[in-house]
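Notes for the structure review
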Amino acid sequence: MKDRTRKMIKTRFSALFSIFIIAVSLNRNCPDLSVWDYSNQPFLPYNFSHLNLDMTIDPANGTVKGVAAYSIKARVPGQTQVKLHAAALEIDAVTFDRVSKEFRVFDDSLIIDLADTLTMTSESELAITWQGNSIYGTHKDRFGTMWASLNPKSVRHWLPTYDHPLVSFSMDAEITVPAQFEVISNGLEVSDKVLSAEYKKVTFAADTPVPVTGLNFAVGEFEYMNAQSGIHKVQVLAQKGLISAEQHQELLNIAVSSKRALENTLQFEYPWESLYVVVIEDDYWDVKNDAAGIIYISQNKGSWATQLQRGLAAQWFGQYQRVHKFEKVAIEMELMKNIVLELAGFESTEILNPDQTTSLEAWNIFSGCCDNTNTFYKQVLEESIPELIKQRKGAISFSYYSDYWYEKTGISFEDWDFGDIDEESELQEPEVLYQIDVQHDEVGSKAVVIAHSKTEKNDELQSLWLVSRGFGNADSTEITFTGAFDTLLVEIPNTTEYVTFREASTQLNQIEFGTFPVFFLTAQLGSSNIQHRKLAAKLLKKHIANPDLQLALRDVLEMEQDPGVKAELLITMGAFTNGAAGTEQLFLSELNNESEEIQRAALTALGSYKGDEAVTSSLRSLMARTESEEAFIIAMESFLNIADIEAGIIAAQRLMNTDTTGYKPLQLLERIASDDTTNQSRIFAEEFTSIKHPVHTRLKALNLLLETITDAQYWSALVVELSNDFDPRMRVKVLEGLKFLPETDAANIAEATGLSEFDPRVIVAME
């Protein structure tokens, strides 16, 4: 979808906004997420200036508990009640100035009645003791890492607070975690104290007020590197074994240099005490990757440098300045980040978006939006953004910028002309228009060219150059043809060894070459031109009825040095031998060839040796050891051509022992599951739904179960089981199993599991 929308982008930013709205509306996987919007004018008659947080995190059980003590005073007189957000949290006690208070929880609100009016002149302490294990507020992955979700309105699911971008406060946090784990949070790490053999306490301090919507923590077995950047500490943490030491160091270098470049561009110092970059395998469908002073890089989204730089830009545009509406985050802040990164001179690339996240969709559409900015407009941006970032912090609207730019230019920002927006070249296969066959009239020394139309669009005149080659000479004749069928006679020298074609008005990749005289092709195999030899090797497949060719091709194979030509010769030889006993060694000997192209050709040919145990064993072995996805797919297809279901199950089981990602065994299981009457495929697939596997492996396994199992009792149990899964994508996917249940039963299960569900995307899927 993104490629289609990029084509529509014109020269004005109004087009960019329009395209994004179209893109989101066309994407059926993007539900209406207005539930994530914060109120523009919340009822907030009191002010929070500081948070003292004493929190214990247990990654094993996914629990968070502790005491949150807020310094609070009234902004409006007469306040006798305080309301906080506390979704799916168990509130154990509330004290006000160390005196116990009655409280009640309604929906996601914690309501506290005060005996006296909240004073406006001095601060009081409001302390809440709580515990919770919300799978919406926190994530827990297969490595045991636990971190706070970055989705809007998620903070209230792990901390009782007033969850709104208008609220910010300084904080001191003491976080107790298992001794073997590292922990990060907002602010500067002050101390790391061992409490016992099992636990330690890490203290953080943030003197700069942190927005509630930017609160975060991460706990895991991290490897880390750090450096100093001015007055700030920069630290890159990565899950153990996830990246190499060289990659780790490179990310640290990028973080330090990019931070410095953005500070210079914005003429505004990095706004938080420290910078933590956390590298994780997967972000669990979070719609943003940044908190105040914290950036998450997801390994499965590629473009690590771009993810890091985008997260850095968000420290100013998304954290220091932030917005109320989720759609505004996705459009306006992504646009601002793109503009600022362009001004800083970063060569940002698109970020992989396997979950079709709206914010990343916006980033990728806006990526490269400003490469050709008009000099005048670029000067306005360069001069104004540093000033505007200094003047306002907290919750803003994009009009704060666009109104200022209108005053400076007299032109609405949506109508700015940014020149031609660079689009990535799309590698599309051109339409094949004609098939060309060639015959030889020896008596008249003529080539007979037969053009067959491959489409109904055959009324346009086509033209090619026919080149006759022989004894080092090349004579060219332009030929033209049109219609559904056309035959042309072309005079060629009687010394011609073979003929080739060159482009004229018609491109060669719009032509499919068919049958050529066999003696032309065998002569062409001796050409010094690699492409000529390769085409000849390919076209000789059309002459498998000629048994004398097989011996000649063997001789050519022994002499050929170019991997591409040799691969084509092997494929042609495979068509000649067609699984004949005693010929398999020709292809087996190439399975260890250092050329992947030759290896793939041999694998293709081996798919004809049905019942040959040596071939079956070799294919099974290569499937297990190859690191090439393409080679694996070809080997699997050949294996399935010659092996029975029992052999396929054995192969899948062996692949399960060697491929920890689950990709290979699941690819094989998808092909054999429908014919497997032993139930083994289902058992294997169920193993891959476990949290110990990457999420896209889990989703693939779940999809396989959906395609092969229709039992209502099975799906009712699995839906209930996975309704507590930490990954919302799994919770969405398993709901498809409800289609196998009677309508009433499906509705009852959806209603029951929905009582503990808070992710709006999962809730929409339940409807």
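Everything numeric in this text was worked out from a predicted model, so none of it was measured.

Analysis parameters
- Residues numbered from 1 in each chain as written.
- Predicted model: local features only at pLDDT ≥ 70, side-chain atom pairs only at ≥ 80, totals over all residues.
- Heavy atoms only, no water.
- Helix = DSSP H or I, 4+ residues; strand = E, 2+ residues; numbered from the N terminus.
- Buried < 20%, exposed > 50% of the residue type's maximum accessible area, 1.4 Å probe, protein only.
- Contact = heavy atoms within 4.5 Å.
- Areas by Shrake-Rupley, 256 points an atom, 1.4 Å probe, with all protein chains shown as cover.
- Lys, Arg positive; Asp, Glu negative; His and termini not counted.
- Charge placed at Lys NZ, Arg CZ, Asp CG, Glu CD.
- Salt bridge = Lys/Arg side-chain N within 4 Å of Asp/Glu carboxyl O.
- 1 Å grid on protein atoms, 1.4 Å probe; cavity = no way out; pocket = protein on both sides within 12 Å on 5 of 7 lines; lining within 4 Å.
- Points joined across faces, edges and corners; volume = space filled by probe spheres on them.
- Pairing = 2+ DSSP bridges.
- pLDDT = per-residue confidence, 0-100.
- Axes fitted to C-alpha atoms, helices over the stretch in contact; angles between N-to-C directions.
- Parallel < 35°, antiparallel > 145°, perpendicular 65-115°, else oblique.
- Core = buried A, V, L, I, M, F, W, Y, C linked by side-chain atoms within 4.5 Å.
- Phe/Tyr/Trp six-rings, centres within 6.5 Å; stacked < 30°, edge-to-face > 60°.

**Points about the overall build of the chain**
Per the secondary structure count, the chain includes 24 helices and 29 strands. If you line up the chain on its principal axes, its C-alpha atoms span 115 × 70 × 55 Å. When burial is assessed residue by residue, the chain has 54% of its 767 residues classed as buried. Taking contacts inside the chain between residues at least 6 apart in sequence as the whole, the part at least 24 apart equals 68%. A total of about 33800 Å² of accessible surface is found on the chain, and carbon and sulfur atoms cover 47% of it. Of the charged side chains in the chain, 65 are positive and 110 negative, and the gap between their average positions amounts to 3 Å.

**Digging into the pattern of salt bridges**
Enumeration according to the criterion identifies 33 salt bridges in this entry. Note that Lys 454 and Glu 512 form a salt bridge whose closest N and O atoms lie 3.6 Å from each other. Of the two residues, Lys 454 is situated in the loop between strand E24 (446-453) and strand E25 (462-470) and Glu 512 in strand E29 (residues 511-513); the sequence distance between them amounts to 58 residues. Under the relative-accessibility criterion, Lys 454 is labelled partly exposed at 43%. Of the charged contacts in the structure, one is a salt bridge between Arg 731 and Glu 757, with a shortest N-O distance of 2.7 Å.

**Regarding unusual backbone geometry**
Its identity is not glycine, yet Asp 107 carries a phi of approximately 55 degrees, on the positive side. Relative to the helices and strands, Asp 107 resides in the loop between strand E6 (103-106) and strand E7 (109-113). In the Ramachandran plot, Ser 303 falls in the positive-phi region, its phi being about 45 degrees despite a non-glycine side chain. Along the chain, Ser 303 turns up in the loop between strand E20 (294-298) and helix H4 (304-316).

**A word on the side chain of Ser 359**
One can find Ser 359 in helix H6 (residues 358-366). For Ser 359, a relative accessible area of 2% puts it in the buried group. Discounting residues that sit within four places of it in the chain, Ser 359 has contacts with Val 287, Lys 288, Arg 310, Ala 330 and Glu 334.

**Observations regarding empty space enclosed by the protein**
For the structure on display, the rule yields eight cavities of 30 Å³ or more. Put simply, the largest cavity is a space of about 310 Å³. If you trace the largest cavity, you find 30 residues lining it, with Tyr 38, Thr 213, Lys 288, Gly 318 and Val 329 closest to the centre. For the lining of the largest cavity, the element with the most residues is helix H5 (residues 326-343), which contributes five residues.

**Quick notes on the pairing of strand E2 (residues 63-74)**
Pairing analysis gives 12 bridges linking strand E1 (residues 46-58) to E2, with the strands arranged antiparallel. When the bridges of E2 are listed, Thr 56 appears paired with Lys 65. By the bridge criterion, nine bridges tie E2 to strand E8 (residues 124-132) in an arrangement that is antiparallel. Across the sheet, residue Ile 72 finds its bridge partner in E8, namely Ser 124.

**Quick notes on the confidence of the model for the chain**
It should be kept in mind that the predicted coordinates are not to be read in detail where pLDDT is low. Confidence in the prediction for the chain averages 91 pLDDT; 94% of positions are at 70 or higher. For the stretch residues 19-29, pLDDT sits under 50, and the model shows 25 contacts to residues farther than four places along the chain or on other chains.

**Let's talk about the packing of helix H10 (residues 530-539) against helix H12 (residues 563-577)**
Across the interface, H10 lies against H12 with an axial gap of 8 Å and an inter-helix angle of 10 degrees. In this view, H10 runs roughly parallel relative to H12, as classed from their interaxial angle. Residues Ile 530, Arg 533, Lys 534, Ala 537 and Lys 538 of H10 form the contact with H12, whose own contacting residues are Gly 564, Val 565, Glu 568, Leu 569 and Thr 572.

**Here's the deal with the nonpolar core**
Counting 122 residues, the largest nonpolar core has Phe 48, Trp 130, Leu 159, Phe 317, Ile 385, Tyr 401 and Trp 405 as the members making the most contacts within it. Looking at which element gives the most residues to this core, the answer is H5, with eight residues. Discounting chain neighbours no more than four positions away, the residues touching Leu 159 are Leu 51, Leu 53, Ala 68, Tyr 70, His 85, Leu 89, Trp 130 and Leu 215. In this structure, Val 490, Leu 569, Ile 649 and Val 762 belong to the second largest nonpolar core, which totals 96 residues.

**So, the packing of aromatic side chains**
Here the structure, examined in full by the defined rule, presents 25 aromatic pairs. Taken together, a centroid distance of 4.9 Å and an interplanar angle of 75 degrees make the contact between Phe 519 and Phe 520 edge-to-face. According to the relative accessible area criterion, Phe 519 is partly exposed, its value standing at 37%. Phe 520 sits in the buried class, given a relative accessible area of 1%. With a centroid separation of 6.1 Å and 55 degrees between ring planes, the pair formed by Phe 632 and Tyr 663 is classed as tilted. Taken together, the positions of Phe 632 in helix H16 (residues 629-642) and Tyr 663 in helix H18 (residues 663-672) put the pair 31 residues apart, joining distant regions of the chain. For Tyr 663, a relative accessible area of 27% translates into the label partly exposed. Each residue in the set Phe 317, Phe 398, Tyr 400, Tyr 401, Trp 405 and Phe 413 is aromatic and connected to the rest through ring pairs, giving one cluster.

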